[in-house]
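# Fold and geometry: a report
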Amino acid sequence: MSAMSGRWRPAVLSLGAALLLASASACAKSEDGDSAGGGTPASAAAQVAQSAAPGAKTCTLDQFGGTKIDPKTAKVGFSQSEKEANPFRIAETQSIKDEAAKLGIPSGNLQTTNAASQFNKQISDVEQMIDSGVQLLIIAPLNSDGWDSVFAKASAKKIPIVTIDRKINASSCTDYLTFIGSNFEEQGKRAADKMAAALGNKGSVAILLGAPGNNVTTLRTKGFKDQIAKVAPDVKIVFEQTGQFSREEGQKVSEQLLQSNPDINGIYAENDEMALGAEVALKGAGKKPGEVKIVSIDGTKGAVQAIVDGWIYAVIESNPRFGPLAFSTAAKFFNGEPIPEDIIISDREYDESNAKADLNSAY
């Protein structure tokens, strides 16, 4: 992979998974090309896990106390947290389904549910899957807390839980097996670096916060604020309000922002949907492309196109293609291999230097 195409920038190497790099080899084929067989972008294959930190906590089947099974023939449950309207959720769910099909898992053995952003429904969905006899759970949690009833049911049946994209506040190798996802605090820091560069280290910035109650919002906010204070103390955060990770809410909040702070210099959106909502608000306010610098996190095709069009300055990727890594992690676990507590993936970034060339790599 070239340094320009994809712009890989290593995040903090905490608790990654060197033992899982081979499982993500599909992504190593070369993201420099536009496609990889069948017109699919090469970078749309699989995630790449970072190397594990020395001494990182791991979990084995013997430690967990489960029974060895073959994931290809096991009954698997996947719980999605939000409607497949957001491109991240569409790509995430499709990746799970595609990998299951690729592995030859019978369609009847993969149960999928969608909580439609209702936490009580997600808890009920997962408990029903446990009652139905699933042997492996892959969960994209809506919230980081409130999972005790699920853990009790899963623990009684020794069902391993792989959490993806958001972390649950619980004990690994007891309540759940592992978390697979990005370093969210590092994403916030990288966004801050981009914002500082965009503004020449001075100006006023608004934050469109993600939904409350999960570690993604908390850490993306912390990383951004800490890094801005460190590298650009003359950049002042003058407004922050949740946009619920929604394009519609992002637009509404940005309209309020522009009324109260018409001379705002930058907007940090904690996901691309809110950034695209902010773009609509800026257009409605008569702003020109690039007049207000937007930096966001996700890597959706719409946001990368907005970089090309001049409305967004930069995007830090958060790769949603969890299928290959989730299933390969389960296979290694059931084979008796040690699994890290956290499997941190490497995320790329987009700006004007590579957005047009790498548009097909976005999701």
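Residues numbered from 1 in each chain as written. Predicted model: local features only at pLDDT ≥ 70, side-chain atom pairs only at ≥ 80, totals over all residues. Heavy atoms only, no water.

## Digging into the overall build of the protein
The criterion, for reference: Secondary structure is summarised from DSSP: a helix means a run of H or I of at least four residues, a strand means a run of E of at least two, and numbering begins at the N terminus for each. In what follows, a contact means two residues having at least one pair of non-hydrogen atoms within 4.5 Å. Calculation of accessible area relied on Shrake-Rupley with a 1.4 Å probe; when residues are assessed, cover is drawn exclusively from the protein chains displayed.
Across its full length, the protein holds ten helices and 14 strands. Pairs at least 24 apart in sequence give 77% of the contacts found in the protein among residues at least 6 apart. Accessible surface, the protein as shown: approximately 14,000 Å² in total, 50% of it carbon and sulfur.

## Considering the nonpolar core
What counts here: Take the buried Ala, Val, Leu, Ile, Met, Phe, Trp, Tyr and Cys residues and link them wherever side-chain atoms come within 4.5 Å; each set so joined is a nonpolar core. To sort residues, take the accessible area from a 1.4 Å probe on protein chains only and compare it with the maximum for the residue type: under 20% means buried, over 50% means exposed, and anything in between is partly exposed.
Counting 51 residues, the largest nonpolar core has Val126, Leu137, Trp147, Ile161 and Ile312 as the members making the most contacts within it. Sort the elements by how many residues they give to this core and helix α8 (residues 272–284) lands first, with six residues. Not counting the four nearest positions on each side in its chain, Ile161 is found in contact with Leu137, Ile139, Val150, Phe151, Ala154, Asp175, Tyr176, Leu177 and Thr178. Counting 31 residues, the second-largest nonpolar core is a separate cluster that includes Cys59, Leu177, Ala326 and Ile345.

## Thoughts on the environment of Phe224
Structurally, the position occupied by Phe224 is in helix α6 (residues 215–231). Here Phe224 falls in the buried class, since its relative accessible area comes to 0%. In the structure, Phe224 is positioned 35 residues away from Lys189 in sequence and 4.8 Å away in space, judged by C-alpha atoms. Not counting chain neighbours up to four residues away, the residues in contact with Phe224 comprise Gly188, Lys189, Ala191, Ala192, Met195, Val205, Ile207, Ile237 and Tyr268.

## So, the sheet that holds strand β6 (residues 178–181)
Inclusion rule: For two strands to be treated as a pair, DSSP must find at least two bridges joining them. Note on geometry: axes are lines fitted to C-alpha atoms, helical ones only across the stretch in contact, with angles between N-to-C directions running from 0 to 180 degrees.
One open sheet holds the six strands; their spatial order is β3-β2-β4-β5-β6-β13, and the pairing between them is parallel. Taken across any chain shown, the strands that pair with only one partner, and hence form the sheet edges, are β3 (110–114) and β13 (342–344). Across this sheet, the average inter-strand angle for adjacent strands is 15°, counted without regard to direction. Along the sheet, helix α2 (residues 87–103) contacts β2 (76–80), β3, β4 (136–139) and β5 (161–164); its crossing angle with β2, the most-contacted strand, is approximately 170°.

## Quick word on the pattern of salt bridges
To keep it simple, the criterion reads: Put simply, a salt bridge is a Lys or Arg side-chain nitrogen that is within 4 Å of an Asp or Glu carboxyl oxygen.
Summed over the entire model, instances satisfying the criterion amount to 18 salt bridges. Among the salt bridges present, the one from Asp226 reaches Lys222, with a minimum N-O distance of 2.8 Å. With Asp226 and Lys222 both in helix α6 and four residues apart, the pair spans about one turn of that helix. Given a relative accessible area of 36%, Asp226 falls into the partly exposed group. Connected through salt bridges with shared partners, the residues Glu82, Arg89, Glu92, Asp165 and Arg166 form a single ionic network.

## Some remarks on the side chain of Asn319
One can find Asn319 in the loop between β11 (314–317) and α10 (323–334). In this structure Asn319 comes out as buried when scored by relative accessible area, which is 3%.

## Some details on the sheet that holds strand β14 (residues 349–350)
Pairing between the strands of a sheet is mediated by backbone hydrogen bonds and can be parallel or antiparallel. Taken in spatial order, the six strands line up as β8-β7-β9-β10-β11-β14 in an open sheet, and their pairing is mixed. The open sheet has two edge strands, β8 (234–242) and β14, and neither has a second partner. The pairing of strand β10 (residues 293–298) with β11 spans four bridges and is classified as parallel. Opposite Val295, over in β11, you have Ala314 as the bridge partner. The sheet strands contacting helix α7 (residues 247–260) are β7 (202–209), β8 and β9 (266–269), and the helix crosses β8 at an angle near 130°.

## Focus on the packing of aromatic side chains
The condition is simple: Between the rings of Phe, Tyr and Trp (Trp by its six-membered ring), a pair exists once the centres lie within 6.5 Å; its type follows the angle of the planes, with under 30 degrees stacked, over 60 edge-to-face, and the other angles tilted.
With the rule as written, the count across this model stands at six aromatic pairs. Between Phe88 and Tyr363, the aromatic rings sit 6.2 Å apart at their centres with planes inclined by 75°, giving edge-to-face as the arrangement. On the criterion of sequence distance, the pair formed by Phe88 in helix α2 and Tyr363 in the segment after β14 is long-range, its members being 275 residues apart. Given a relative accessible area of 7%, Phe88 falls into the buried group. With centroids separated by 5.5 Å and ring planes inclined at 80°, the aromatic side chains of Phe119 and Trp147 adopt a geometry described as edge-to-face. Of this pair, Phe119 sits in helix α3 (residues 119–132) while Trp147 sits in the loop between β4 and α4 (148–156), and the two are 28 residues apart along the sequence. Each member of the pair Phe119 and Trp147 is classed as buried.

## Focus on the pairing of β4
Put simply, the rule reads: Crossover handedness is defined by viewing with both strands directed away from the observer: a clockwise path from the first strand over the helix to the second marks the crossover as right-handed.
In β4, alternate side chains face the same way, and those of Leu136 and Ile138 on one face and Leu137 and Ile139 on the other are all buried. Pairing between β4 and β5: three bridges, direction parallel. Its bridge partner being in β5, Ile139 is matched across the sheet by Thr163. Handedness of the β4-α4-β5 crossover: right-handed.

## Section: the confidence of the model for the protein
In plain terms, the rule: The predictor attaches a confidence to each residue, and that confidence, scored 0 to 100, is pLDDT.
Residues at a pLDDT of 70 or more form 87% of the protein, whose mean pLDDT is 88. The low-confidence segment residues 1–43, where pLDDT is below 50, has 111 contacts with residues more than four positions distant or belonging to other chains.

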